[in-house]
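Chain and residue survey
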Amino acid sequence: MEFDSIWIALGIAAAGYFIGNGLKNFNNPDATDSLSDIFSDDDEHELIKENEVHYFIGISKEDAKSLIQEYPDIPHVTINNKIYYPKAKLRKWLSDLGA
């Protein structure tokens, strides 16, 4: 019985922490906290399939194919005869292209 009350107390303490942290930034939806940084996606090593590049860039499939053909220096890797684009490098390449 005493062991169960410890788990209940830990659960209540954790809930209080998360609720308090959420209320702290209730009026500031743009605020970030250290906990969200822990669970945020690290896209430095994330790869995008060739047929999904247009989603990432926000253009049509045809425009993405033209862009890839026009700029062969676009950052990419080939794995098992399939082309992938590193998300972080593609983002930087696009920003450099637009500059």
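About the cut-offs
- Residues numbered from 1 in each chain as written.
- Predicted model: local features only at pLDDT ≥ 70, side-chain atom pairs only at ≥ 80, totals over all residues.
- Heavy atoms only, no water.
- Patch = residues over 30% accessible without salt bridge, like charges linked within 9 Å, V, L, I, M, F, W, Y side chains within 5 Å.
- Areas by Shrake-Rupley, 256 points an atom, 1.4 Å probe, with all protein chains shown as cover.
- Salt bridge = Lys/Arg side-chain N within 4 Å of Asp/Glu carboxyl O.
- Helix = DSSP H or I, 4+ residues; strand = E, 2+ residues; numbered from the N terminus.
- Buried < 20%, exposed > 50% of the residue type's maximum accessible area, 1.4 Å probe, protein only.
- Core = buried A, V, L, I, M, F, W, Y, C linked by side-chain atoms within 4.5 Å.
- Contact = heavy atoms within 4.5 Å.

1. Quick notes on a nonpolar patch on the surface
Together, I6, W7 and L10 line one region of the surface with nonpolar side chains, adding up to about 330 Å² of accessible area. Summarising the element assignment, I6 is placed in helix α1 (residues 2-24).

2. Overview of the pattern of salt bridges
Overall, the coordinates contain two salt bridges when judged by the stated rule. A salt bridge links E46 to K87, with the nearest nitrogen and oxygen atoms 3.7 Å apart. Of this pair, E46 sits in the loop between α2 (34-39) and β1 (47-49) while K87 is found in helix α5 (residues 87-98), placing the two residues 41 residues apart along the sequence. The exposure class assigned to E46 is partly exposed, which follows from its relative accessible area of 33%. Accessibility expressed as a relative area gives 19% for K87, which makes it buried. Note that D96 is salt-bridged to K92, the shortest N-O span being 2.9 Å. With D96 and K92 both in helix α5 and four residues apart, this pair spans about one turn of that helix.

3. Points about the nonpolar core
With eight residues, the main nonpolar core is built from I48, V53, L67, I68, I74, Y85, L90 and W93. Among the secondary structure elements, those contributing two or more residues to this core are α4 (61-70) and α5.

4. What about the side chain of H54?
Residue position: H54 is located in helix α3 (residues 53-57). Classification of H54 as buried rests on a relative accessible area of 9%. The contacts of H54, once residues within four sequence positions are left out, are I59, S60, K61 and A64.

Read these as spatial facts, not as claims about activity.
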